[in-house]
Amino acid sequence: MHLSNITQFSPVLYLTGFPGLETIEQWIFIFFFLMYLVAISGNCFILIIIKTSPRLHTPMYCLLSFLAFTDLGLSVSTLPTTMGIFWFNSRDIYFGACQIQMLCIHSFSFMESSVLLVMSFDRFVAICHPLRYSVIITGQRVVRAGLVVILRGPVATVPIVLLLRTFPYCGSRVLSHSFCLHQEVIHLACTDTTFNNLYGLSLVVFTVMLDLALIALSYGVILHTVARLASREERLRAFQTCTSHLCAVLVFFVPMVGLSLVHRFGKHAPPAVHLLMANVYLFVPPMLNPIIYSIKTKEIRHAISNLLGLRKAGAESWS
């Protein structure tokens, strides 16, 4: 797995499963299979519920469908290589396929950050300006915001992903994850990568960090507005409309910030730390978001109950 000389282009990279845990890989496979099953089926279920329930054809649930779509894309992006390692012990990946995967992973990550920002603005308007909500948050504006969300990630990520092909690579071609990340592949290049590093850092600062700051600002104003409500019941009811989104924000941003800090400043950290942070960042949010919204959102629970009731009635009519 080592090159004796520098090559202008490394055609094959090698992925890593869980070093040192080969004896329990069967159990790890079951764990990851269940996470993928919950993430993919859960987000598909959320999309079906919103599509088939006329009561949920509102801007808020349109944004929730965007979130489910990005979580679904994030899960599918890592599925081929992660499951390939456990099912077929296939650890090699062509550089072009690696580029496509990292483009999908980073694009869907930036898309999810954007969706959470737009959702926080939706909650801000709903709580701070409830009488003007239907005027400010319209279907047309939600569609426009969705287009921006969809285009923002790929447009921002394509340049640094394409530049990777121009670098010479030497030494080890072994990655420390079961999927490709830009911040890891760039370390394999044996040339000056200052532009990519600065571009990647500025991308994180002006997208993810800016989104997080604006979300925090939105919630600061929301909390100030909620605190001024007259009764405790009103304050509780107003804040309950934000709990699902707030949980989704924490589930997404905490692992993402942790992974960025580990890659930037934790070069001497144990490999297990890098593995843990990367897997939590990519696998946990898509798995938990459908569960959070199914449990915390009353309208989603009612839609699920109605759907299950219709299926049960249909089954009884056939029996």
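Residues numbered from 1 in each chain as written. Predicted model: local features only at pLDDT ≥ 70, side-chain atom pairs only at ≥ 80, totals over all residues. Heavy atoms only, no water.

Draft legend 1. Structural view of the UniProt feature "transmembrane region" (unreviewed entry) in the protein. The positions that UniProt labels "transmembrane region" (unreviewed entry) are, in the present scheme, residues 27-50, 62-88, 100-121, 142-164, 203-226, 246-266 and 272-292. Strand forms 0% of residues 142-164 and helix 96%; the C-alpha atoms that close the span are 35 Å apart. A helix fraction of 100% and a strand fraction of 0% characterise residues 203-226, whose end C-alpha atoms lie 33 Å from each other. (UniProt positions renumbered as here; feature names shortened; annotations may be inferred. Helix = DSSP H or I, 4+ residues; strand = E, 2+ residues; numbered from the N terminus.)

Draft legend 2. Region of interest: the environment of Leu63. Among the structural elements, Leu63 can be located in helix H2 (residues 59-88). Residue class for Leu63 comes out buried when judged on its relative accessible area of 4%. Along the chain, Leu63 and Asp122 lie 59 residues apart, while their C-alpha atoms are 8.9 Å from each other. Filtering out sequence-adjacent residues up to four positions away, Leu63 remains in contact with Val115, Val118, Met119, Asp122 and Val142. (Buried < 20%, exposed > 50% of the residue type's maximum accessible area, 1.4 Å probe, protein only. Contact = heavy atoms within 4.5 Å.)

Draft legend 3. Focus on helix H7 (residues 194-227). Across its 34 residues, H7 extends 47 Å between first and last C-alpha, which sits within 8% of the 50 Å expected from 1.5 Å per residue. The sharpest bend along H7 measures roughly 30 degrees and falls at Met209. (Expected span 1.5 Å × (residues − 1). Bend = angle between axes of the 7 residues up to and from the residue.)

Draft legend 4. Spotlight on the packing of helix H1 (residues 25-52) against H2. Where H1 meets H2, the axes come as close as 9 Å, and the angle between the chain directions of the two elements is 155 degrees. With respect to H2, the element H1 is oriented roughly antiparallel. The handedness of the crossing between H1 and H2 is left-handed. Across the contact of H1 with H2, the residue classes tally to 20 nonpolar, five polar and two charged. (Axes fitted to C-alpha atoms, helices over the stretch in contact; angles between N-to-C directions. Parallel < 35°, antiparallel > 145°, perpendicular 65-115°, else oblique. Left-handed = near helix turned anticlockwise from the far one by under 90°. Nonpolar A, V, L, I, M, F, W, Y, C, P; charged D, E, K, R; others polar.)

Draft legend 5. Broad picture of the environment of Leu64. Among the secondary structure elements, Leu64 is positioned in helix H2. Judged by relative accessible area, Leu64 falls into the buried class, the value being 5%. Each C-alpha atom, one on Leu64 and one on Leu117, is 12 Å from the other, the two residues being 53 residues apart in sequence. Contacts of Leu64, omitting those with residues within four sequence positions, involve Ile46, Ile50, Met119, Tyr293 and Ile300.

Draft legend 6. Representation of the state of the cysteines within the structure. Per the counting criterion, the structure on display carries one disulfide. With its sulfur 2.1 Å from that of its partner, Cys98 forms a disulfide with Cys180. Measuring handedness by torsion sign, the sulfur bridge of Cys98 and Cys180 sits at about -125 degrees and is left-handed. Here Cys98 is found in helix H3 (residues 95-128), whereas its partner Cys180 is found in the loop between strand S4 (169-172) and helix H6 (182-185), with 82 residues between them in sequence. You can call Cys180 buried: its relative accessible area is 0%. Summary of cysteine pairing: Cys247 is not part of a disulfide, and the nearest cysteine sulfur, belonging to Cys242, is at 11 Å. Of the residues examined, Cys247 reaches a relative accessible area of 29% and is grouped as partly exposed. (Disulfide = S-S within 2.5 Å.)

Draft legend 7. Broad picture of the pattern of salt bridges. In this structure the tally under the stated criterion is two salt bridges. Here Arg123 ties to Asp122 by a salt bridge, and the two come within 2.8 Å at their closest N and O atoms. Here Arg123 matches Asp122 in class, with each residue buried. Asp211 is the partner of Arg152 in a salt bridge, and the nearest nitrogen-oxygen pair spans 2.8 Å. A residue pair is termed long-range when its members are at least 10 positions apart, and Arg152 in helix H5 (residues 139-163) and Asp211 in helix H7 qualify at 59 residues. Among the residues examined, Arg152 registers a relative accessible area of 23% and is labelled partly exposed. (Salt bridge = Lys/Arg side-chain N within 4 Å of Asp/Glu carboxyl O.)

Draft legend 8. Summary view of the confidence of the model for the protein. Of the residues in the protein, 90% have a pLDDT of 70 or more, and the chain-wide mean is 84. Mean pLDDT across the secondary structure elements of the protein bottoms out at strand S1 (residues 2-7), with 46, and peaks at H3, with 93. For residues 315-319, every residue scores under 50 in pLDDT, and the model assigns this stretch zero contacts once sequence neighbours within four places are set aside. (pLDDT = per-residue confidence, 0-100.)

Draft legend 9. Structural view of the side chain of Thr157. Position of Thr157 relative to the elements: it lies in helix H5. Residue class for Thr157 comes out buried when judged on its relative accessible area of 1%. With residues near it in sequence (within four places) discarded, Thr157 still touches Leu103, His106, Ser107 and Phe110.

Draft legend 10. Up close: H3. Over its 34 residues, H3 runs 49 Å from end to end, which matches the ideal 50 Å to within 8%, given 1.5 Å per residue. Counting buried positions along H3 yields 26 of 34 residues, so the element is predominantly enclosed.

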